[in-house]
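Notes for the structure review
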Amino acid sequence: MSVKLAETAGFCMGVKRAVDMVLELAQHKGQETIYTYGPLIHNPQTVELLRKRGIVPVTDIEEIPAGTKAAGIIIRAHGISPQERKLLLGKNLKIIDATCPKVGRVQAIIKKHAARDFSILIIGDAGHPEVNGLLGYTFGKGLLLAAVEDVHRLPPLDKVCVVAQTTQSVDEYHRIVAAVRARFPDAIIFDTICDSTERRQSEVKSLAEEMDAMIIVGGRNSANTQRLADLAALPGTPTFHVETAEELPVEQLAAHEKIGISAGASTPNWIIDRVVDTVTTRQADKSRQVNSIFRFWVWSVRTDLYSALGAGCLASTAMLFQEMTVRFLYIAVASLYVYAMHTLNRFINRKTGSIIGSFREESYRRHEGQYLSTSVLALVFSLGVGILSGRAAFLFLLAMSTLGILYNAQLAPSGWPFRSIRDLPGSKNITVAFAWAAIAAVLPPVAEKMPLTETTAVSFAFIFGIVFVRSVLSDLLGVQSDKLVGKETIPVLIGNDRTQQLLNTISLTLVVMLAAATTLVRTVSLSYFLIIPVIYIWICFRLYDRKPGLIGVVKEGVLETAYIIAGLSAWAWYLIFGGKGL
Ligand code: SF4
């Protein structure tokens, strides 16, 4: 069995740009509404999320109440006609123009040729918002060609200019252009189909030839998604057009071995990821050939057990680094604490969208009771170990658990901008890294009543750094859904480029610190070995956006493997050098 995701699936440049512009405005709008002239994208789930954030679509300018306090009105990527723009200007609202530059180019071609008395033939879908906008630029000299037959119905024309809707079917475009050339040999023809549309359609065609069944993800009201579904079905490949993972025809899909997936230009990554994740899981469940180790690994990532194992690995690394006897109890406490905090926080926060679009969403919805009871048990057990290890260890664990649980608690009165620690921009990454480093590097010496030394500080900095980098990288992968639900993660706040600079700086600092630690603070030579997981995570970071076919759970698992690599490096050092050093 195989599931293949098209590399071109998801937001195109124009849609991404429009969504980014709206969300940027939403961050500073306060309580004011932002109107979008028509739904921002043809995707009902995204439009609903945006509505919850005060971004409201209107189909008619008159729907905007008189004297409304709005932060502005957005012109979406499809663009609008000059006549509609004039009406918007009359509303006295700030206009934010998110017309895709490629659509803007088609508008400019039409405007220029209409002014020179050309008849403008637009190859496109009747009633499509982009086509309506383009027709407006023809100032009455425009004619729509939706099919070859429309060419035969054209009246005799003198000067002819042809353009196409940017998301038009490439094959249909060529058929219509051939008919136009036959009737009007002097016609000036502009191929204005967007290159992203062409690549997407051509990939779907070849994928459909190769696969037993195809899934096309996207709004039913999206013309370009519908077109992809038609193209996929052309060679006779069973094709299923779904808007969300819940609509997947599980039983029908079970009859097919090789399944291809693509999505329209306005389908967000989080919806695609959930579809791929669901199909992959169901296919793996029915197939005995799938490596059971891989299935177990995916399950452990999804359920946070892999994170817990990673925390245990980091605790053993910190104990070896501080030349302590490695005690299983502290490894277990680190694992249980991390499991409890991750699952409890997801549980507390699930209604505010903390797991929306994540590969964990379905699992949390299905097994709420199990997650809640196992996380409470894990917390109680780790506190119990604290009691057995003495007062200092217990108080330390109690303080860390309180911090973990208070993270989501709304402590400030309503109306304050930051009601909980979670509301502080970027707080998640810092709190998570701090908690992991404290439990893995500081708890063991505290419980063993050992002094905290410079080596403890280096262990703490190493674990803090590596967990922080992993957590921000994970946010980089989920930046699209985080922006939509209004989460202020570091990539959302400072953008992709500056996040990458920050991660480069932290990775480099960690490498320098670990390389200099034996000389400066006389740590054991394990510090050299700990450079390996830093390099591993840095490689993941360089590659993270170049693997579009990987599903979310696999990407997350690959990142979390950095902790396992840290543990393996530490134990390799111990076995080679017996804990004595080089
Ligand atoms: Fe722009 Fe092409 Fe996307 Fe249309 S499909 S919005 S032209 S990038």
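Relevant structure appears above.
Below: a short report on this structure. Predicted, not measured: the structure shown is a model, and the values here were computed from it.

Close to the ligand lie Cys12, Gly14, Cys100, Lys102, Thr166, Thr167, Cys194 and Thr197, which account for all nearby residues. A per-class count over the shell around the ligand returns three nonpolar, four polar and one charged.

A separate point is the pattern of salt bridges. For the coordinates displayed, the defined rule picks out 18 salt bridges. Here Asp97 makes a salt bridge to Arg85, at a shortest N to O gap of 3.1 Å. Highlighted residues: Asp97 in strand E5 (residues 95-97) and Arg85 in helix H3 (residues 82-90), separated in sequence by 12 residues. The class for Asp97 is partly exposed, based on a relative accessible area of 30%. Residues Arg199 and Asp195 are paired through a salt bridge, measuring 3.9 Å at the closest nitrogen-oxygen approach. Note that Arg199 and Asp195 are positioned in helix H8 (residues 195-210) at a spacing of four residues, about one turn of the helix.

Sheet architecture is open: four strands sit in the order E7-E6-E8-E9, paired in parallel fashion. Of all strands in the sheet, those with a lone pairing partner are strand E7 (142-145) and strand E9 (188-189), marking the two edges. Inspection of the sheet shows strand E8 (residues 160-164) paired to E9 by two bridges, in the parallel sense. Counted as the bridge partner of Val162 is Ile189 from E9.

Glancing now at a nonpolar patch on the surface. Among the surface-exposed residues, Ile535, Trp538, Ile539 and Leu543 lie close enough to one another that they form a single nonpolar patch of about 350 Å² accessible area. Along the chain, Ile539 turns up in helix H23 (residues 531-543).

Spatially, the four strands line up as an open sheet ordered E3-E2-E4-E5, and their pairing is parallel. Strands at the two margins of the open sheet, each flanked by one partner only, are strand E3 (55-58) and E5. Ignoring which end each strand starts from, the neighbouring axes of this sheet average 30° apart. Sheet contacts for helix H1 (residues 13-27): strand E2 (33-37), E3, strand E4 (70-75) and E5; angle to E5, the most-contacted strand, approximately 150°.

Our next topic: unusual backbone geometry. Non-glycine residue Lys449 carries a positive phi angle of around 55°. Along the chain, Lys449 turns up in the loop between helix H18 (427-447) and helix H19 (454-477). Accessibility expressed as a relative area gives 65% for Lys449, which makes it exposed. Not every positive phi belongs to a glycine, and Arg522 is a case in point at roughly 55°. Following the sequence through the fold, Arg522 ends up in the loop between helix H21 (490-520) and helix H22 (526-529). For Arg522, a relative accessible area of 72% puts it in the exposed group.

A separate point is the environment of Thr519. Relative to the helices and strands, Thr519 resides in helix H21. Sequence separation between Thr519 and Gly552 is 33 residues; the distance between their C-alpha atoms is 41 Å.

Turning to the side chain of Thr431, a few remarks are in order. Mapping Thr431 onto the fold places it in helix H18. In this view, Thr431 contacts Leu403, Tyr407 and Ile421; residues no more than four positions away in its chain are not counted.

What follows is about the nonpolar core. Core analysis: the largest hydrophobic core is formed by 72 residues, its most contacted members being Leu314, Phe462, Ile463 and Leu526. Setting aside anything within four residues of it in sequence, one finds Leu314 in contact with Trp436, Ala440, Phe462, Ile463, Val467, Tyr563 and Ala566. Of all hydrophobic cores here, the second largest spans 54 residues; its members include Ile96, Val204, Ala208 and Trp270.

With that out of the way, let us pick up the packing of aromatic side chains. Working definition: an aromatic ring pair is given by the centre-to-centre distance plus the angle between the planes. Under the counting rule described, the total for this entry stands at eight aromatic pairs. Chaining the aromatic ring pairs together yields one cluster made of Phe434, Phe460, Phe464 and Phe468. The ring centre of Phe118 lies 4.8 Å from the NZ or CZ of Lys159, which sits over that ring.

What follows deals with the side chain of Thr167. Its place among the elements puts Thr167 in the loop between E8 and helix H7 (170-183). The exposure class assigned to Thr167 is buried, which follows from its relative accessible area of 14%. Those residues in contact with Thr167 that sit more than four places away from it in its chain are Thr197, Gln201, Asn224 and Arg227.

So, how was this worked out
Residues numbered from 1 in each chain as written. Predicted model: local features only at pLDDT ≥ 70, side-chain atom pairs only at ≥ 80, totals over all residues. Heavy atoms only, no water. Near = heavy atom within 4 Å. Nonpolar A, V, L, I, M, F, W, Y, C, P; charged D, E, K, R; others polar. Salt bridge = Lys/Arg side-chain N within 4 Å of Asp/Glu carboxyl O. Helix = DSSP H or I, 4+ residues; strand = E, 2+ residues; numbered from the N terminus. Buried < 20%, exposed > 50% of the residue type's maximum accessible area, 1.4 Å probe, protein only. Pairing = 2+ DSSP bridges. Patch = residues over 30% accessible without salt bridge, like charges linked within 9 Å, V, L, I, M, F, W, Y side chains within 5 Å. Areas by Shrake-Rupley, 256 points an atom, 1.4 Å probe, with all protein chains shown as cover. Axes fitted to C-alpha atoms, helices over the stretch in contact; angles between N-to-C directions. Contact = heavy atoms within 4.5 Å. Core = buried A, V, L, I, M, F, W, Y, C linked by side-chain atoms within 4.5 Å. Phe/Tyr/Trp six-rings, centres within 6.5 Å; stacked < 30°, edge-to-face > 60°. Lys NZ or Arg CZ within 6 Å of the ring centre and 35° of its normal.

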